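Understanding the architecture of this molecule
The primary structure of each chain is shown beneath.
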Protein chains: 2
Amino acid sequence: MNASILTIGDEILIGQITDTNSVSIARHLDGAGIVVREKCSIGDDRGRIVAAVERLLASSEVVVLTGGLGPTKDDITKKTLADLFGCRLVHNGTVAAHVERMLAERGIAYNELNRSQALVPDGCTVLFNAYGTAPGMWFERDGRVLVSLPGVPYEMEHLMHDEVMPRLRARFALRQTVHRTMITAGLAESMLAERIAPWENALPPYLKLAYLPNPGAVRLRLSAYEVDGRKVAEEIDRRFEELRRLIPHYFIGYERASIQELIHGLLTRRGESLATAESCTGGTIAARFTAMPGASAYFRCGVVAYSNEAKRDVLGVDAPTLERCGAVSEEVARQMAEGARRIARADYGVATTGIAGPAGGSGAKPVGTVWIAVAGPHRTVAMLRHCGADRGQVIDRAAAFALGLLRDEITAAG
Amino acid sequence: MNASILTIGDEILIGQITDTNSVSIARHLDGAGIVVREKCSIGDDRGRIVAAVERLLASSEVVVLTGGLGPTKDDITKKTLADLFGCRLVHNGTVAAHVERMLAERGIAYNELNRSQALVPDGCTVLFNAYGTAPGMWFERDGRVLVSLPGVPYEMEHLMHDEVMPRLRARFALRQTVHRTMITAGLAESMLAERIAPWENALPPYLKLAYLPNPGAVRLRLSAYEVDGRKVAEEIDRRFEELRRLIPHYFIGYERASIQELIHGLLTRRGESLATAESCTGGTIAARFTAMPGASAYFRCGVVAYSNEAKRDVLGVDAPTLERCGAVSEEVARQMAEGARRIARADYGVATTGIAGPAGGSGAKPVGTVWIAVAGPHRTVAMLRHCGADRGQVIDRAAAFALGLLRDEITAAG
């Protein structure tokens, strides 16, 4: 079964916000075996909403849309959909009582605009929004479904999970979608593709292969849509096992989790601890760990040592080494990792020092030159990586390489 | 002039990645006065690519698309566009030499798949991709333009900036788009809308008002498309000045740049320096500063002091205070900010300490409780904020409050 996602709001089209609602909705639908054919974003404009809904309903059994349900004049989705589906707006007592109660809790008076939120099209099924004042709406026409949800991400998320997905599962006979992703490292995309061509060419037509190149790694995803899930999952496992035997030295693992999630799991299980010393990555590595619930069990301390003085005074890098080798050097990276480990009394210390650019490069050390080091209970290792030319790219790649080296060292020590 | 954005890739439709390319492209186009009418995402499917390009070219003078330009079989955009525009794929010596050089730098052999990247449609203008191996392409038909860019964000970004925007400015007579956003706090969206209704109703039709509700604030954006920029900007200033007099107690400021960009500018101009001491925000504040080119001029050192030991040993928070008040307290926040400022010998220190959750909350200090402090040349200030219940939300809001307090203190000291 096919679905489309429509997100409404001028703020999306001018680039004022990043549309994450459609990502979340896509995951819900894909996870239930519904094939998302298209995502589309348009502005708060009556004519464009009507045209997009009609176009998407012609090609998909289900359309999920978000946005434009607020109480103010610029929010026109509800009125537009009511007209499109030939409904009248009628007062809904349940919604009215809920809105009044929510506002009262925040000390807000119930006014004419809030009253308008309790008006719903008489031909739709109202989806109760426990976390906000704008209800969701479920319309049907000629066996097709249009669902309209508020644009506030957590309200949308709760409605998808609690109201929309159970109804879709009950309403349609859904098949299954299977995705599995293998991570490889050490072969560039083109070399990998050349190497595995015979394997790729022998794939059955219902298995779709995608190459997802990343800094330092190429991921391979096999996908099958609307199939018997268990049987196809076994087939994908067999195919990936064959592939693994073809490229034994480049196989890293399967993507079930991000590399920081893997490290998070390893350190948590072993009761070991971590400290970071970042120069060019500027706190990015620390922020990736601390974004995960439970990080405080192992994450002791991070230092963003941007200046030479901070490297010396906070991390204990010695001044003659800084003078002799420069801040971007193997020796300084090693001392930073060991310094972080020492001051935090942690089991592992990971360090980055490099030139993020755009300024600061030289002939010998161009922008993108990064030294990475990991200090562990038994040894300290360091490596040099060239991480590109764009500042954001250098930060991302350096963080990815550092996390890779850290994972390898933790695994080797275990 | 109208434009549409098309992003291609199954990974977008299954929710494996968040499409940020279309956000960046939207900002480039909007900033040049080009009106983005639609964003659309589809899978790597020949028929769907053809249908989407034809549909969007019928409604927009310019279509910018990304994705599907890699060297592997799942990347079919180039061949599809060549057929669509009636072109043959021909060998391009400049692209070939560039790809060969890029690969040689990384020690990668130049193979048949890389050679295919040097094939370009003979009817298009090749856009040189200095940062990657897949060139951009500029097609024209009946006075309309289709631009195809690689999906790797950095490569796309450089091509938009260096190649696409200068050509669009030269090729079309562009008018201007003006957006200005006012930040209000203290009135719920519906109450604000009721209060300012007479002002809203008196707006001229070419000024479009949008309400953007946020945690703790409602932003009001006035937008005008394809106008005389300077004249309309003055008109918007007058209208917002009227509005400000209507709601003097709820007016917070204007959103011109992100708050870290404002602080970056202030510190750079004044030659002052900054250090951070983060607990619950876990490096997010440091990472926001260090992501900006030129941050090394003022950013000295950041400490992510997650454990009590790190707060004590690295930042010098005194042990009896930690014991007596707990890590999430005004006293500890103040000492963290002062400690960061002292160890980094910086002009300003900013600190956060709070409970990001989901665990660690208590009746007196629930999840979301965050103390924020700023230490400056003349004084240290602290404030308590409740930052929500979701871990990511707490980190984001705490960072936003901390940056706000830092900006206020820098401004007050100046």
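Keep in mind that what you see is a predicted model, and the values were worked out from it rather than measured.

1. Side note on the nonpolar core
Ranked by size, the top nonpolar core spans 47 residues in total, and within it A:Leu315 and B:Leu315 carry the most contacts. Among residues more than four places away in sequence, those in contact with A:Leu315 are A:Ala277, A:Val303, A:Ala305, A:Ala310, A:Gln335, A:Met336, A:Gly339, A:Ala340, A:Arg342 and A:Ile343. In terms of nonpolar packing, the next biggest core, distinct from the first, is built from 32 residues, A:Cys280, A:Ala295, A:Val350 and A:Phe401 among them.

2. Description of the relation of the copies chain B and chain A
Mapping chain B onto chain A leaves a residual RMSD of 2.2 Å; the transformation is a rotation of 179° accompanied by 1.4 Å of translation along its axis. Each copy turns onto its partner about a two-fold axis. Every residue of chain B has its C-alpha some distance from the rotation axis, and the shortest such distance is that of B:Val303, at 1.5 Å. In this assembly the copies share their binding face: 98% of the residues contributing to the interface of chain B also contribute to that of chain A.

3. Re the pairing of strand 13 (residues 274–278) of chain A
Residue and element names in this part refer to chain A. When you tally the buried positions in strand 13, you get five out of five residues, the bulk of the element. Here strand 13 shows two buried faces, one formed by Leu274, Thr276 and Glu278 and the other by Ala275 and Ala277. Bridge analysis of strand 13 against strand 14 (residues 299–305) gives five bridges, and the strand direction is parallel. In the strand pairing of strand 14, Ala275 is matched with Cys301. Crossover handedness for the path strand 13 to helix 12 (residues 284–290) to strand 14: right-handed.

4. Considerations on the environment of B:Phe139
Residues and elements named next belong to chain B. Looking at where Phe139 falls in the secondary structure, it is placed in strand 7 (residues 136–141). Accessibility expressed as a relative area gives 1% for Phe139, which makes it buried. Residues Phe139 and Ala82, spaced 57 residues apart in sequence, show a C-alpha to C-alpha distance of 9.5 Å. When residues no more than four places from it in sequence are discounted, the contact partners of Phe139 are Leu81, Phe85, Cys87, Pro121, Cys124, Arg144, Val145 and Leu146.

5. Points about the pattern of salt bridges
All names here are of chain A. Going through the model one piece at a time under the given rule, you end up with 41 salt bridges over all chains. Linking Asp83 and Arg46 is a salt bridge whose minimum nitrogen-to-oxygen distance equals 2.9 Å. You can see Asp83 sitting in helix 4 (residues 77–84) and its partner Arg46 sitting in helix 3 (residues 46–59), a full 37 residues away along the chain. Among the residues examined, Asp83 registers a relative accessible area of 34% and is labelled partly exposed. Residue classification places Arg46 among the partly exposed residues on the basis of a relative accessible area of 40%.

6. As for the side chain of B:His158
With respect to the helices and strands, B:His158 occurs in helix 7 (residues 153–171). Non-local contacts of B:His158, meaning those with residues more than four positions away in its chain, are made with A:Asp390, B:Tyr131 and B:Glu163.

7. So, unusual backbone geometry
All names here are of chain A. Here the amide bond leading from Gly357 into Pro358 is cis, since omega sits at 0°, within 30 degrees of zero. For Pro358, the position within the fold is in the loop between strand 15 (348–354) and strand 16 (369–375). The backbone of Arg345 shows a phi angle near 45°, a positive value even though the residue is not glycine. The topology assignment puts Arg345 in the loop between helix 15 (330–343) and strand 15. For Arg345, a relative accessible area of 53% puts it in the exposed group.

8. Some details on the packing of aromatic side chains
One pair of aromatic rings is described through two measures. These are the centre distance and the angle between the planes. Residue and element names in this part refer to chain A. What the rule picks out here adds up to 14 aromatic pairs over all chains. Between Phe240 and Tyr254, the ring centres sit 5.7 Å apart and the planes meet at 50°, which makes this aromatic pair tilted. Highlighted residues: Phe240 in helix 10 (residues 229–246) and Tyr254 in strand 12 (residues 251–254), separated in sequence by 14 residues. Tyr254 matches Phe240 in its accessibility class, with the two residues each being buried.

9. As for the interface of chain B and chain A
Taken together, the 91 residues of chain B in the interface contact 93 residues of chain A. Buried surface at the junction of chain B and chain A, summed over both partners, amounts to about 7000 Å²; 54% is from carbon and sulfur atoms. Summed over the shared surface of chain B and chain A, the result is six salt bridges. B:Asp10 is the salt-bridge partner of A:Lys208, the closest N and O atoms lying 3.0 Å from each other.

10. Some points on the packing of helix 2 (residues 21–31) of chain B against helix 7 of chain B
Residue and element names in this part refer to chain B. Interaxial distance between helix 2 and helix 7 falls to 11 Å at its minimum, and their mutual angle equals 20°. One element, helix 2, and the other, helix 7, form an angle in the roughly parallel class. Judged by the sense of rotation from one axis to the other, the crossing of helix 2 with helix 7 is right-handed. Where helix 2 approaches helix 7, its residues Asn21, Ser24, Ile25, His28 and Leu29 are matched on the opposing element by Pro153, Met156, Glu157, Met160, His161, Met165 and Leu168.

11. Overview of helix 7 (residues 153–171) of chain A
Residue and element names in this part refer to chain A. With 19 residues, helix 7 ought to run about 27 Å at 1.5 Å a step, and its terminal C-alpha atoms sit 25 Å apart, in line with that. Roughly 45° is the biggest bend found in helix 7, and it falls at Met160. Every buried residue of helix 7 is accounted for by Glu155, Met156, Leu159, Met160, Glu163, Val164, Met165 and Leu168.

12. A look at helix 2 (residues 21–31) of chain A
Residue and element names in this part refer to chain A. Counting buried positions along helix 2 yields nine of 11 residues, so the element is predominantly enclosed. Listed in full, the buried residues belonging to helix 2 are Asn21, Ser22, Val23, Ser24, Ile25, Ala26, His28, Leu29 and Asp30. One or two positions beyond helix 2, positive phi appears at Gly33, with a value near 85°.

13. What about the sheet that holds strand 15 (residues 348–354) of chain B?
Pairing in this open sheet of 10 strands is mixed, and the strands run 17(A)-16(A)-15(A)-13(A)-14(A)-14(B)-13(B)-15(B)-16(B)-17(B) from one edge to the other. Two strands in the sheet have a free side with no partner beyond their single neighbour: strand 17 (380–386) of chain A together with strand 17 (380–386) of chain B. Strand-to-strand, the axes of this sheet are offset by a mean angle of 10°, without reference to chain direction. Along the sheet, helix 16 (residues 391–413) of chain B makes contact with strand 13 (274–278), strand 15, strand 16 (369–375) and strand 17 of chain B, crossing strand 16 of chain B at roughly 25°.

14. Things to note about a nonpolar patch on the surface
Residue and element names in this part refer to chain A. On the surface, a nonpolar cluster with roughly 270 Å² of combined accessible area is contributed by Tyr131, Val152 and Tyr154. Checked against the element boundaries, Tyr154 lands in helix 7. Note on Tyr154: relative accessible area 43%, which makes it partly exposed.

15. Some words on the sheet that holds strand 9 (residues 176–184) of chain B
Residue and element names in this part refer to chain B. As summarised here, the arrangement of the four strands in space is 10-11-9-12, forming an open sheet in which the pairing is antiparallel. Looking at the sheet topology across the chains shown, the edges are occupied by strand 10 (208–214) and strand 12 (251–255). This sheet shows a mean twist of 25° between the axes of neighbouring strands, independent of strand direction. Two elements, strand 9 and strand 11 (residues 217–227), share eight bridges in a ladder whose sense is antiparallel. The residue of strand 11 that forms the bridge with Thr181 is Arg221. Of the strands in this sheet, strand 9, strand 11 and strand 12 are in contact with helix 10 (residues 229–246), which crosses strand 9 at around 15°.

The rules we used
Residues numbered from 1 in each chain as written. Chains lettered and ligands numbered in written order. Predicted model: local features only at pLDDT ≥ 70, side-chain atom pairs only at ≥ 80, totals over all residues. Heavy atoms only, no water. Core = buried A, V, L, I, M, F, W, Y, C linked by side-chain atoms within 4.5 Å. Buried < 20%, exposed > 50% of the residue type's maximum accessible area, 1.4 Å probe, protein only. Contact = heavy atoms within 4.5 Å. Least-squares fit on C-alpha atoms with pLDDT ≥ 70 in both. Helix = DSSP H or I, 4+ residues; strand = E, 2+ residues; numbered from the N terminus. Pairing = 2+ DSSP bridges. Right-handed = clockwise from strand over helix to strand, strands pointing away. Salt bridge = Lys/Arg side-chain N within 4 Å of Asp/Glu carboxyl O. Phe/Tyr/Trp six-rings, centres within 6.5 Å; stacked < 30°, edge-to-face > 60°. Buried area = accessible area lost by both parts, 1.4 Å probe. Axes fitted to C-alpha atoms, helices over the stretch in contact; angles between N-to-C directions. Parallel < 35°, antiparallel > 145°, perpendicular 65-115°, else oblique. Left-handed = near helix turned anticlockwise from the far one by under 90°. Expected span 1.5 Å × (residues − 1). Bend = angle between axes of the 7 residues up to and from the residue. Patch = residues over 30% accessible without salt bridge, like charges linked within 9 Å, V, L, I, M, F, W, Y side chains within 5 Å. Areas by Shrake-Rupley, 256 points an atom, 1.4 Å probe, with all protein chains shown as cover.

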